[in-house]
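Letter by letter, the chains look like this.
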Amino acid sequence: MQKSLSVYDSDGSTFAPLVVIELVSETKEEAIAWLLNRVRDKQQDGGAELLVEQLTPGAQGTEKDNPNVYVVGASWQRLLYGAEDVGLFKEFNDGSMRGFTYANKHNFKEFQGDGDGFLSMAECQYIIKHELDNLRAKDEAHVPGYPKMKLYPGKSVIRRMQSKGILVQVFPLHEKEELKRLSFSWFKKIKLSFQPLDDIRHYFGEGMALYFGFLEYFTLALIPMALIGIPYYLFDWEDYDKFTVFAGFNLVWCTVILELWKRLSASLAYGWGTLSRKKAFEEPRPGFHGVLGVNPVTGRAEPLYSNAKRQLRIYLVSVPFVLLCLYLSLYVMMIYFDMEGWALMIHDEEPTFWTGLLLFIPSIIYAVVIEIMNLIYRYAAEFLTGWENHRLESTFQNHLVLKVLVFNFFNCFASLFYIAFVMQDMVLLRQSLATLLITSQILNQIMEAFLPYWLQRRRNKKAHKRMIKTMEDKELPLSEQVKLEADMSTYLGTFDDYLELFLLFGYVSLFSCVYPLAAVLVVLNNVTEVYSDAFKMCKVFKRPFSEPAANIGVWQLAFEAMSVIAVVTNCALIGMSPQVKSYFPESETQLIMWVVGFEHFLLASKFILAFVIPDVPKHIQIKLSRLEFESLEALKKRKMLEASGIPKTDK
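Residues numbered from 1 in each chain as written. Predicted model: local features only at pLDDT ≥ 70, side-chain atom pairs only at ≥ 80, totals over all residues. Heavy atoms only, no water.

The protein chain carries the name Anoctamin in an unreviewed UniProt entry, which gives Oncorhynchus tshawytscha as its organism. Heading Subcellular location (unreviewed entry) of the UniProt record for the protein chain holds this comment: "Membrane". (UniProt positions renumbered as here; feature names shortened; annotations may be inferred.)

See below:
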């Protein structure tokens, strides 16, 4: 909890500010008063029962500053009840992870005294966000002062005001001392050690910690391939007959690492209390719209939208648009091959050092164009997925991931497949893979680390010239800290980070047998990625709300799908090698049958391996089963006690 800064609530009590609510500067007074009252009202009266107060401008405040900025906190007892409401799991005295209950609070390992310090600041902020999101309209027909902003019983007040533009943003505050300690152990000191995943989880939540855990695991898993790739590159550079050995290693590697990751993520999630945590009931997205009706599950009034209309939008608009984009990507790819032919022709006519460099120019240009096309398509995919009007955020994300993955996979790998299986030019494949990989990594580092940092520095110099030091180097007043963080860029989630890892995994698992240094380059990229992503989270972006997560979600399926494609691709590359072809000198049909049979055998082995290796380690399965058994026994005991209080008239 943040101890250094505190504010006074309207009743005179002090509280630690945890979350900031910013309304537009011209928000009407009656709307502000109504919202603040709803936030402060008791839970039994339909309120959130939180503490909220207007942020007072500091000594350096100006007339341009938005006056409608409010800080939100809560009493410690309210936070503990909130921890029970959201289903928070904490470590019990016997070492197991159990759902927290206020009545049983003293039986939890870290609960001491009145429980101060039992909840992390990230957990407290998550609880406050949960309570704000569940602040629902009662009998109001509209937001006071805004007759056109209709409300109906059960509608989320915060989501409604956010979707209509009255509420600018809701974000959690950084805790400067804790951030300083985390920054020092995470990225300020360059060292060969594991990341402080528990500290990351404590500060940013489980979803963020799982991403950095997967990034670290992926990097370590690449080291054996990188160690094999270096001597392979040095001694067998021109010996393409021997890439079958490396392709065979690829086949085993891409299957085993994903299965082992599922076990590791289960262990991490259990230790963090999210493995057995029940998923919260999803509310409609803020942008979801439709005809007002009654939800058959909750019984509350909410917009309803025909699934048939949504499917028509998907299949008549979204799918044709994606296919059109794939065609444009294919067209750009053919232009790239024309450029390659032109560069090769010039080099053949006059082979010099400069014409040798010219051979790499088409691949570099193509790599830059790929990144630009991916970026433009991403915005189009987000617009289309929003237009499809999905009710739930999870459904929205799944459709967005599918659109983006299909295009990015085709856009990044189509040229490599064409070179490998149509042109069958291993020299050009190696050159193209190396150029695409190196160029994309350089562009990603510029876009993800240096550009956000430069923009943030420029914004800070322009808006806060009086602040030369960063907020962790100097104690700032609360008002200045809030203004500084409010101007920071908003972190949009781990989508782009996982997408980058997905593409890197594709480069390594699909074609690294013809360019063994691919794994080495990805390891170097991931090491810098750890530091750049850590820097972004601590210095560039607003602090995101903690998101409970038990695994990496839909991305696990994406990586497993890529590993299946890798099996097929590497088997085909093995079948194309002169070494294997020499065993079938007279019959190409026999070669194809052998390759297909071998590929089917490997896929079967892959799925058997996935079935044999449990996703959850045995000792964790036992703990979960014991907890379930004890819960059932406790329920039986409660029923027996209830029954014992009733007169036994049946005897």
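Draft legend 1. Quick peek at the overall build of the protein chain. Helix and strand content of the protein chain: 20 helices and 12 strands. The principal-axis extent of the C-alpha atoms belonging to the protein chain is close to 90 × 80 × 55 Å. Long-range contacts, defined here as pairs at least 24 residues apart, represent 74% of the contacts in the protein chain between residues at least 6 apart. For the protein chain, the exposed surface amounts to about 32,300 Å²; the carbon and sulfur share of it is 63%. Side chains of the protein chain carry 67 positive and 72 negative charges; the gap between the two charge centres is 6 Å. (Helix = DSSP H or I, 4+ residues; strand = E, 2+ residues; numbered from the N terminus. Contact = heavy atoms within 4.5 Å. Areas by Shrake-Rupley, 256 points an atom, 1.4 Å probe, with all protein chains shown as cover. Lys, Arg positive; Asp, Glu negative; His and termini not counted. Charge placed at Lys NZ, Arg CZ, Asp CG, Glu CD.)

Draft legend 2. Layout of the packing of aromatic side chains. Per the counting criterion, the structure on display carries 36 aromatic pairs. A cation over a ring is seen here: Lys542 above Phe171, with NZ or CZ 5.9 Å from the ring centre. (Phe/Tyr/Trp six-rings, centres within 6.5 Å; stacked < 30°, edge-to-face > 60°. Lys NZ or Arg CZ within 6 Å of the ring centre and 35° of its normal.)

Draft legend 3. Examining the pattern of salt bridges more closely. All told, the structure shown has 19 salt bridges when counted by the stated rule. Two residues, Lys42 and Glu49, come together in a salt bridge whose shortest N-O distance is 3.9 Å. With its nearest N and O atoms 3.4 Å apart, the salt bridge here joins Arg201 to Glu123. Taken together, the positions of Arg201 in helix α6 (residues 197-204) and Glu123 in helix α3 (residues 121-133) put the pair 78 residues apart, joining distant regions of the chain. (Salt bridge = Lys/Arg side-chain N within 4 Å of Asp/Glu carboxyl O.)

Draft legend 4. Structural detail: the pairing of strand β5 (residues 69-73). In terms of burial, β5 is a largely internal element, five of the five residues being buried. Where burial is concerned, the two faces of β5 agree: the one with Val69, Val71 and Gly73 and the one with Tyr70 and Val72 are both buried. Looking at chain direction, strand β3 (residues 19-23) and β5 are connected through four bridges and run antiparallel. Within β5, the position partnered with Val20 by the bridge is Val71. (Buried < 20%, exposed > 50% of the residue type's maximum accessible area, 1.4 Å probe, protein only. Pairing = 2+ DSSP bridges.)

Draft legend 5. Structural view of a nonpolar patch on the surface. On the surface, Leu375, Tyr379, Ile438, Ile442, Ile446, Met447, Phe450, Leu451 and Trp454 cluster together to form a nonpolar patch covering roughly 900 Å² of accessible area. Of all the elements in the fold, those that place two or more residues in the nonpolar patch are α11 (361-387) and α13 (426-463). Sort the elements by how many residues they give to the nonpolar patch and α13 lands first, with seven residues. Its location among the elements puts Trp454 in helix α13. For Trp454, a relative accessible area of 47% corresponds to the partly exposed category. (Patch = residues over 30% accessible without salt bridge, like charges linked within 9 Å, V, L, I, M, F, W, Y side chains within 5 Å.)

Draft legend 6. Looking closely at the nonpolar core. Judged by nonpolar contacts, the single largest core of 110 residues is most densely connected at Trp186, Trp253 and Trp555. In terms of residues, this core owes the most to one element, helix α7 (residues 206-235), which gives 14 residues. Other than its neighbours up to four places away in sequence, Trp555 contacts Val401, Leu405, Phe495, Tyr498, Leu499 and Phe502. By size, the runner-up hydrophobic cluster in this structure holds 47 residues, among which are Leu18, Leu80, Phe92 and Phe118. (Core = buried A, V, L, I, M, F, W, Y, C linked by side-chain atoms within 4.5 Å.)

Draft legend 7. Spatial organisation of the state of the cysteines. Tallied over the entire structure, the rule returns zero disulfides. With no disulfide of its own, Cys513 lies closest to Cys571 among cysteine sulfurs, the gap being 11 Å. You can see Cys538 has no disulfide; the closest cysteine sulfur is in Cys124, sitting 19 Å from it. (Disulfide = S-S within 2.5 Å.)

Draft legend 8. Up close: the sheet that holds β3. Ordered by their spatial adjacency, four strands build an open sheet running β4-β5-β3-β10, and the pairing between neighbours is antiparallel. Only two strands of the sheet have a single neighbouring strand rather than two, namely β4 (51-54) and β10 (167-172). Recorded for the sheet is a direction-independent mean angle of 20° between the axes of neighbouring strands. Contacting β3, β5 and β10, α3 runs over the sheet at an angle of about 40° to β3. (Axes fitted to C-alpha atoms, helices over the stretch in contact; angles between N-to-C directions.)

Draft legend 9. Representation of the environment of Leu304 in the model. Mapped onto the elements of the fold, Leu304 is located in strand β12 (residues 301-304). Linking Leu304 and Arg40, residues 264 residues apart in sequence, is a C-alpha distance of 31 Å. With residues up to four places along the chain from it excluded, the contact list for Leu304 reads Phe288, Gly290, Val291, Gly293 and Val294.

Draft legend 10. Geometry of the packing of helix α9 (residues 307-349) against helix α12 (residues 393-423). At a minimum axis distance of 10 Å, the contact between α9 and α12 shows a crossing angle of 30°. By the angle between their directions, the pair α9 and α12 is classed as roughly parallel. Considering how the two elements wind past one another, α9 and α12 form a crossing that is right-handed. Counting all contacts with α9, which are made through Ile314, Ser318, Val322, Cys325, Leu326, Ser329, Leu330, Met333, Met334, Tyr336 and Phe337, the residues of α12 involved are His399, Lys403, Val406, Phe407, Phe410, Asn411, Ala414, Ser415, Tyr418, Ile419 and Met423. Here the residues of the contact of α9 with α12 are counted per class, giving 16 nonpolar, five polar and one charged. (Parallel < 35°, antiparallel > 145°, perpendicular 65-115°, else oblique. Left-handed = near helix turned anticlockwise from the far one by under 90°. Nonpolar A, V, L, I, M, F, W, Y, C, P; charged D, E, K, R; others polar.)

Draft legend 11. Molecular detail of the pairing of strand β11 (residues 291-294). Sheet topology places β11 next to β12; four bridges connect them, and they run antiparallel. Along β12, the bridge assignment pairs Val291 with Leu304. Counted between consecutive antiparallel strands, the loop separating β11 from β12 contains six residues, among which Gly299 sits at a positive phi close to 75°.

Draft legend 12. Spatial organisation of unusual backbone geometry. Even without being a glycine, Glu49 presents a positive backbone phi close to 55°. You can see Glu49 is positioned in the loop between α1 (29-40) and β4. Its identity as a non-glycine residue notwithstanding, Gln424 has a phi of 55°, on the positive side. Judged by relative accessible area, which is 44%, Gln424 ranks as partly exposed.

Draft legend 13. α7, seen in detail. With 30 residues, α7 extends 44 Å between its outermost C-alpha atoms, agreeing within 8% with the 44 Å of an ideal straight helix rising 1.5 Å per residue. Approximately 30° is the largest bend angle found in α7, and it occurs at Ile223, with the proline Pro224 only one to four residues beyond. (Expected span 1.5 Å × (residues − 1). Bend = angle between axes of the 7 residues up to and from the residue.)

Draft legend 14. Spotlight on the side chain of Asn374. By the element assignment, Asn374 lies in helix α11. The contacts of Asn374, once residues within four sequence positions are left out, are Phe407, Asn408, Asn411 and Cys412.

Draft legend 15. View of empty space enclosed by the protein. Inspection of the entire model under this criterion finds four cavities of 30 Å³ or more. When its volume is computed, the largest cavity comes out at roughly 120 Å³. Lining the largest cavity are 14 residues, and of these Arg136, Lys155, Ser156, Glu283 and Pro284 lie nearest its centre. Per-element accounting of the lining of the largest cavity gives the leading share, three residues, to β12. Residue composition of the lining of the largest cavity, by class: five nonpolar, two polar and seven charged. (1 Å grid on protein atoms, 1.4 Å probe; cavity = no way out; pocket = protein on both sides within 12 Å on 5 of 7 lines; lining within 4 Å. Points joined across faces, edges and corners; volume = space filled by probe spheres on them.)

Draft legend 16. Structural detail: the packing of helix α5 (residues 176-188) against helix α16 (residues 518-540). At a minimum axis separation of 10 Å, α5 and α16 run at an interaxial angle of 170°. In terms of axis orientation, α5 runs roughly antiparallel to α16. Contacts from Leu179, Ser183, Trp186 and Phe187 in α5 reach Val530, Tyr531, Ala534, Phe535, Cys538 and Lys539 in α16. Across the contact of α5 with α16, the residue classes tally to eight nonpolar, one polar and one charged.

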